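A closer look at the structure
The residues making up each chain are set out below.
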Amino acid sequence: MPLHADARATLEAWTAPDPRQEELRLSYLEHLERYEDGMWRDCLPGHVTASTAVLSADGSHVVLTLHRKHRIWLQTGGHCEPEDTTLAGAALREATEESGIEGITLLPRPVRLDRHPVPCGGGSLHLDVQYAAIAPRDAVPVLDPDESAGLDWFPVDDLPEPSDDACRALVRAAARAVVSHRGRTAPVRGV
């Protein structure tokens, strides 16, 4: 199971920015140790998911999707699929599918973690590993009605309502990560 091993390696190598994030990191690792199927949606105690805050090339805006069922503005992301071999690849795939933007560049490490309840299969937890990405200049989101009820760019410091605290925290972390990344020459992953 290369995806399971990659998720473990990603979380083992990630440096949490604060004690709460470290607590989540350790709980995700414990989950993966306990559940061989912990990456898949049918693992009902919970399963690892991957999401991404896709920022504009200048870092001033983020593309958000209006969740079809819950009618709330969120980052791109979702469940891992059998063809995913890395957690970062799953995050990038979801970002590309849900935003309709080709050529997204994913920063190489997660920026935060978020655990939240969801109604998958009668009740479960998403153990979300959250990334930041940069869209190409002049990128235009393309709505796929099968993926979302709405899709648009929003200023990173003025997100639409309804949204949630996890999305707002991810956008703040992604904006910081993009600024920090621009000061380095480290490679990023792209489509």
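Below is a summary of the structure that appears in this document. (Residues numbered from 1 in each chain as written. Predicted model: local features only at pLDDT ≥ 70, side-chain atom pairs only at ≥ 80, totals over all residues. Heavy atoms only, no water.)

Here we take up the overall build of the protein. When you go through the protein residue by residue, the secondary structure sums to 4 helices and 9 strands. Scanning the protein from its N terminus toward the C terminus, one meets helices and strands in the order α-α-β-β-β-β-α-β-β-β-β-α-β. A compact globule built from 191 residues would reach a C-alpha radius of gyration of about 16 Å, and the protein, at 15 Å, matches this within 12%. Considered along the principal axes of its C-alpha atoms, the protein spans approximately 45 × 40 × 30 Å. The burial tally for the protein puts 51% of its 191 residues in the buried class. Summarising the internal contacts of the protein: among those between residues at least 6 apart in sequence, 70% fall at separations of at least 24. Approximately 9,300 Å² of the protein is accessible, and the part contributed by carbon and sulfur atoms is 52%. (Helix = DSSP H or I, 4+ residues; strand = E, 2+ residues; numbered from the N terminus. Rg over C-alpha atoms; globule rule 2.2 N^0.38 Å. Buried < 20%, exposed > 50% of the residue type's maximum accessible area, 1.4 Å probe, protein only. Contact = heavy atoms within 4.5 Å. Areas by Shrake-Rupley, 256 points an atom, 1.4 Å probe, with all protein chains shown as cover.)

We now examine helix H4 (residues 165–182). Here H4 spans 26 Å end to end across 18 residues, near enough to the 26 Å set by a 1.5 Å rise per residue. Every buried residue of H4 is listed here: Ala166, Cys167, Ala169, Leu170, Val171, Ala173, Ala174, Ala175, Ala177, Val178 and His181. Along its buried surface, H4 packs onto strand E1 (47–55), strand E2 (61–66), strand E3 (73–74), strand E6 (112–118) and strand E7 (124–134). (Expected span 1.5 Å × (residues − 1).)

A few words now on the pattern of salt bridges. What the rule picks out here adds up to 11 salt bridges. A salt bridge links Glu23 to Arg20, with the shortest nitrogen-to-oxygen separation between them at 2.8 Å. With Glu23 and Arg20 both in helix H2 (residues 19–34) and 3 residues apart, this pair spans about one turn of that helix. A salt bridge links Asp114 to Arg112, with the shortest nitrogen-to-oxygen separation between them at 3.9 Å. (Salt bridge = Lys/Arg side-chain N within 4 Å of Asp/Glu carboxyl O.)

A few words now on the packing of helix H1 (residues 2–13) against H2. The packing of two helices is summarised by the inter-axis angle and the distance between the axes. In the contact formed by H1 and H2, the axes pass within 10 Å of each other and the chain directions differ by 155°. In terms of orientation, H1 and H2 fall into the roughly antiparallel class. Both H1 and H2 take part in a crossing whose hand is left-handed. In this structure, H1 uses His4, Ala7, Arg8, Leu11 and Glu12 to contact H2, whose residues at the interface are Arg25, Tyr28, Leu29, Leu32 and Glu33. (Axes fitted to C-alpha atoms, helices over the stretch in contact; angles between N-to-C directions. Parallel < 35°, antiparallel > 145°, perpendicular 65-115°, else oblique. Left-handed = near helix turned anticlockwise from the far one by under 90°.)

This next bit is on the nonpolar core. Residues Met39, Leu87 and Val129 are the most contacted members of the largest nonpolar core, which totals 32 residues. Those elements that place two or more of their residues in this core are H1, H2, E1, helix H3 (87–99) and E7. Broken down by element, this core gets its largest block of residues, 6 residues, from H3. (Core = buried A, V, L, I, M, F, W, Y, C linked by side-chain atoms within 4.5 Å.)

Tracing the backbone shows Pro136 in the loop between E7 and strand E8 (150–155). Judged by its relative accessible area of 30%, Pro136 is partly exposed. Linking Pro136 and Val156, residues 20 residues apart in sequence, is a C-alpha distance of 17 Å. In contact with Pro136, other than residues within four places in its own chain, are Ala57, Ile101, Glu102, Gly103 and Ile104.

The omega angle of the peptide bond from Glu161 to Pro162 is 0°, so this bond is cis rather than trans. Summarising the element assignment, Pro162 is placed in the loop between E8 and H4. The phi torsion at Arg71 lies on the positive side, around 55°, for a residue other than glycine. Mapped onto the secondary structure, Arg71 falls in the loop between E2 and E3. For Asp138, which is not glycine, the phi torsion reads 60° and is therefore positive. Within the secondary structure, Asp138 sits in the loop between E7 and E8.

Looking at the element boundaries, Val118 is found in strand E6. Overall, Val118 belongs to the buried group, its relative accessible area being 15%. Each C-alpha atom of the pair Val118 and Glu36 lies 20 Å from the other, and the pair is 82 residues apart in sequence. Contacts of Val118, omitting those with residues within four sequence positions, involve Gly123, Ser124, Leu125 and His126.

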